[in-house]
Every structure is written in structure tokens, then in C-alpha cells.
Amino acid sequence: MKIHEKYIKRCISLARNGLGNTYPNPMVGSVVVQNNRIIGEGWHQKAGLPHAEVNAINAVADESLLPQSTIYVSLEPCSHFGKTPPCSDLIIAKGIKKVVIGTVDPFAKVAGKGIKKLLDAGCEVAVGILEKECQELNKRFFTFHNAKRPFIILKWAQTNDGFIAPESKENRDPVWITGSTSRQLVHKWRAEEQAILVGTNTVIADNPKLNTRLWDGSDPVRIVLDRKGRIPKASAVLDGSVETIVLTENSDSYSAEYTQQAEKLILEVLDFDKQIAPQICEVLYRNELQSIIIEGGARTLQSFIDAGLWDEARVFTGKTIFNSGTESPQLKGKLIDEQEIGNDNLKIYIND
């Protein structure tokens with residue numbers, strides 16, 4: 001069992017290379033082992049490209065060794081045709097008789113079918129090696145398929161005296177509470193998730209771009225709350241540069257002329273007289289978004305906290321003092337990490 005764990009750990013390590021690039025697919029790593037030696041390894045690099053098992057098998061220099069080898073994979077090999085052929089078919093075709101799997105795939109089109117196909121072909125299959133670790137690796141994917149909602153990350157920066165925004169501002173430029181290193185880290189996080197959400201007041205006050213300009217990565221889908229159509233049409237979030245979903249009470253507040261100009265603008269109507277967070281989750285699930293960062297403002301963040309609809313919270317505390325302003329959200333969670341980022345303190349909580 002320990003030897004199996006060693007190689008599944010390697011699979012997990014390889015899989016992490018795909019963070020932010022594999023959506024809607026999970027991150028997966030795989031190694032091929034012969035006589036306790038890795039002879040091939042790979043990971044799923046991007047949706048539409050070969051899966052981890054394919055890359056690992058293709059990396060084996062001497063294919064004649066495959067029938068005497070064991071293939072390890074962090075997630076159950078697929079059994080259906082998507083953008084690529086089934087990995088379970090490839091394993092069988094290459095004569096690999098021993099397969100070690102970290103965890104079962106929760107996706108309905110797989111969900112045990114890959115394992116069954118391998119067993120029916122006479123393969124020896126071990127399942128559930130470092131299962132919790134493999135599920136944690138793909139917490140976004142598992143949450144999406146099991147809970148029917150995205151994995152939700154709350155993020156905010158607060159002053160040393162507990163405020164996230166000043167009482168008043170002179171213009172729409174953001175008031176920075178944290179330093180440049182923390183801000184770059186936030187852009188890295190944005191590149192790792194599929195979507196980012198802010199409320200109306202945040203857009204009006206700060207005119208945020210919500211992109212990854214400080215990090216090399218894909219911009220997340222922008223989700224914007226605008227109940228009454230109050231957001232200025234010249235706002236950066238409505239510039240059409242990135243796919244943007246506007247959650248509004250009445251889509252008529254956005255003229256047909258404007259929506260034609262902004263081809264990447266999607267309007268979704270919500271009932272703002274009812275609890276808003278569950279409705280947002282339904283919209284995100286329908287739009288196949290597996291993960292989201294909620295970046296503000298205080299009321300929006302608190303609505304997700306009060307509804308219990310959050311998985312992780314990342315809270316920066318800067319050295320700045322406001323004395324008054326918008327108070328930071330009130331959250332109870334389990335602290336799992338704390339570190340200093342430049343002059344800022346970062347605490348990470350999970351909803352347990």
C-alpha cells in the first residue's frame with residue numbers, strides 16, 4: 001500500500017501543473033511504473049488536449065514494457081468519448097493489466113464506468129489510494145458535480161482596524177489596503193479560477209477591471225450584480241473584453257443596442273427580494289462555472305457567508321488605518337493557514 005501511495009503522490013504533484021487550464025475537466029496526473037521505476041509520466045495540460053494517462057503512456061520509451069507495468073492515475077480513467085477518446089480503452093489496448101486509481105470520478109458520464117470497463121477487460125484495479133488527497137486536488141470539480149454549484153472562495157482585504165472601504169472617496173480609483181505583492185497574488189488566484197464576482201457598489205466605487213493584468217494567465221469570467229441598472233455603461237467590467245454575466249432584476253435596464261455591441265455580455269435575471277446567494281449559485285452552475293472568487297463588496301460577501309455558501313475565505317489584513325468606513329464581513333470558519341505577504345497578513349479559512 002505504501003508503494004501505491006508514493007506513486008499516487010507523484011500523480012497529484014503532476015496534476016497540479018494544470019491548475020487554471022483544464023476547465024471544465026479535472027486536474028489529473030498519471031505515472032507508468034515497471035519494476036518500481038517510473039518509465040513514463042504525464043498530466044492533463046488543457047481541455048481538448050490528451051489526458052494524463054495518454055501523456056504518461058506516450059512518454060514510455062519502450063512500449064514493450066507496458067504489459068509488465070502498472071499505471072497509476074489520480075482520478076478514474078474516463079470511459080466515454082468527449083473531445084478525446086476514452087483513456088480506459090487505451091490502457092486496455094496497450095495491454096496494461098494493473099491499474100491503481102486515487103479516487104472515483106464524480107462526473108456522471110464516468111462515475112465508476114471506467115473502472116468497470118477495466119475490470120471487465122481483466123485488469124487488476126485498486127481504487128481509493130490517498131482518496132481524500134485526490135478529492136482535495138479537484139475540490140472545484142467535485143463540488144460542482146456533487147453539490148451542483150461552484151467551489152466558492154471569498155476574498156477581501158481589511159485595514160488593521162477592520163474596515164474594507166473608507167467612508168468617502170474623491171474618485172473611482174481603488175483605495176489600496178494591501179501592498180503590491182498581495183495584489184499580484186490575488187491576480188494569480190484569479191488566473192486559477194473560472195469566475196470572479198463583485199457587487200454594484202464595488203463597481204461604482206472602484207471601477208475594477210477584474211482581470212489578471214499582474215499575472216500571466218486567463219482572465220476569469222466576470223460576474224456583476226446590478227439590480228437596478230445603476231452601473232455606468234462606461235465601466236471597465238462592461239467593456240466587452242472578457243465574458244461578463246450581469247445579474248439584474250430587469251434585463252430591460254440594458255438596452256438591446258448595448259448588448260449587441262458587447263457580444264460577451266450575458267444578462268441573467270434574479271429575484272432580489274429572495275435570498276440572493278443560492279440564485280447566483282444556480283446561474284453559475286447553469287453556465288458551467290466550477291469555481292468563483294467573491295471579491296466584494298461587504299454586503300455581497302456577507303450574503304454568501306449568511307447562506308453558508310462558501311468553501312474557502314482568504315482574508316488580507318494590511319497596516320492601514322481608516323478609523324471609519326465599511327466594516328469587514330463577519331465570518332466564522334476554521335483557520336487552516338496564516339502567512340505574511342510582504343507587510344500584509346493573510347489568513348485562509350475553510351467552511352467546516
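Residues numbered from 1 in each chain as written. Predicted model: local features only at pLDDT ≥ 70, side-chain atom pairs only at ≥ 80, totals over all residues. Heavy atoms only, no water.

The protein chain goes by Riboflavin biosynthesis protein RibD in an unreviewed UniProt entry, where it is assigned to Autumnicola patrickiae. What UniProt states about the protein chain under its Function (unreviewed entry) heading is, verbatim, "Converts 2,5-diamino-6-(ribosylamino)-4(3h)-pyrimidinone 5'-phosphate into 5-amino-6-(ribosylamino)-2,4(1h,3h)-pyrimidinedione 5'-phosphate." (UniProt positions renumbered as here; feature names shortened; annotations may be inferred.)

(A) Broad picture of the overall build of the protein chain. The helix and strand tally for the protein chain stands at eleven helices and 16 strands. Judged by the C-alpha coordinates and their principal axes, the protein chain covers about 70 × 45 × 35 Å. The burial tally for the protein chain puts 50% of its 352 residues in the buried class. Of the contacts made within the protein chain by residues no fewer than 6 positions apart, 69% connect residues no fewer than 24 positions apart. A total of about 16700 Å² of accessible surface is found on the protein chain, and carbon and sulfur atoms cover 47% of it. Positive and negative side-chain charges of the protein chain, numbering 42 and 44 respectively, have mean locations separated by a distance of 3 Å. (Helix = DSSP H or I, 4+ residues; strand = E, 2+ residues; numbered from the N terminus. Buried < 20%, exposed > 50% of the residue type's maximum accessible area, 1.4 Å probe, protein only. Contact = heavy atoms within 4.5 Å. Areas by Shrake-Rupley, 256 points an atom, 1.4 Å probe, with all protein chains shown as cover. Lys, Arg positive; Asp, Glu negative; His and termini not counted. Charge placed at Lys NZ, Arg CZ, Asp CG, Glu CD.)

(B) Representation of the side chain of Thr-248 in the model. Relative to the helices and strands, Thr-248 is located in strand 10 (residues 244-248). For Thr-248, the side chain forms a polar contact with the main-chain oxygen of Asp-226, separated by 2.9 Å. In this structure the side chain of Thr-248 is engaged in a polar contact, spanning 3.5 Å, whose partner is the backbone nitrogen of Asn-250. (Polar contact = N/O pair within 3.5 Å; in protein donor to acceptor, adjacent residues only side chain to side chain.)

(C) A look at the sheet that holds strand 5 (residues 124-127). If you walk across this open sheet you meet the five strands as 2-1-3-4-5, and the pairing is mixed. Of all strands in the sheet, those bounded by a partner on one side alone are strand 2 (38-43) and strand 5. Pairwise comparison of adjacent strand axes, ignoring direction, gives a mean angle of 15° for this sheet. Relative to strand 4 (residues 98-103), strand 3 (residues 70-75) is paired through five bridges, and the arrangement is parallel. Pairing of Leu-75 across the sheet is with Thr-103, part of strand 4. (Pairing = 2+ DSSP bridges. Axes fitted to C-alpha atoms, helices over the stretch in contact; angles between N-to-C directions.)

(D) Highlighting the packing of aromatic side chains. Under the criterion given, the structure shown has four aromatic pairs. On the basis of an interplanar angle of 50° and a centroid distance of 5.1 Å, the ring pair of Tyr-7 and Tyr-72 is categorised as tilted. One end of the pair, Tyr-7, is in helix 1 (residues 2-15); the other, Tyr-72, is in strand 3, with 65 residues separating them in the sequence. The exposure classification of Tyr-7 matches that of Tyr-72, with both residues buried. Cation over ring: Arg-183 sits above Trp-176, and NZ or CZ is 4.5 Å from the ring centre. For Arg-314, the ring lying beneath its charged end belongs to Trp-189, and the centroid distance is 4.6 Å. (Phe/Tyr/Trp six-rings, centres within 6.5 Å; stacked < 30°, edge-to-face > 60°. Lys NZ or Arg CZ within 6 Å of the ring centre and 35° of its normal.)

(E) Representation of the sheet that holds strand 16 (residues 344-350). With respect to topology, nine strands assemble into an open sheet ordered 11-10-9-8-12-6-13-16-15, the strand pairing being mixed. The sheet terminates laterally at strand 11 (265-269) and strand 15 (334-341), the two strands that pair on one side only. Adjacent strand axes in the sheet meet at a mean angle of 20° when their direction is disregarded. Pairing of strand 8 (residues 195-198) with strand 9 (residues 221-225), which is carried by four bridges, proceeds in the parallel orientation. Paired with Leu-197 across the strands is Ile-223, a residue of strand 9. Contacts between helix 7 (residues 180-192) and the sheet are confined to strand 6 (151-158), strand 8, strand 12 (291-296), strand 13 (312-317), strand 15 and strand 16, with strand 13 contributing the most and set at about 165° to the helix.

(F) Region of the structure containing the pairing of strand 16. By the criterion of burial, strand 16 is predominantly enclosed, with five of the seven residues buried. Here six bridges tie strand 13 to strand 16, and the two strands are oriented antiparallel to one another. Pairing of Ala-313 across the sheet is with Tyr-349, part of strand 16. Here strand 15 runs beside strand 16; their pairing, made up of seven bridges, is antiparallel. Paired with Asp-337 across the bridge in strand 16 is Ile-348. Counting the residues that bridge the hairpin from strand 15 to strand 16 gives two residues, and of these Gly-342 lies at a positive phi of roughly 65°.

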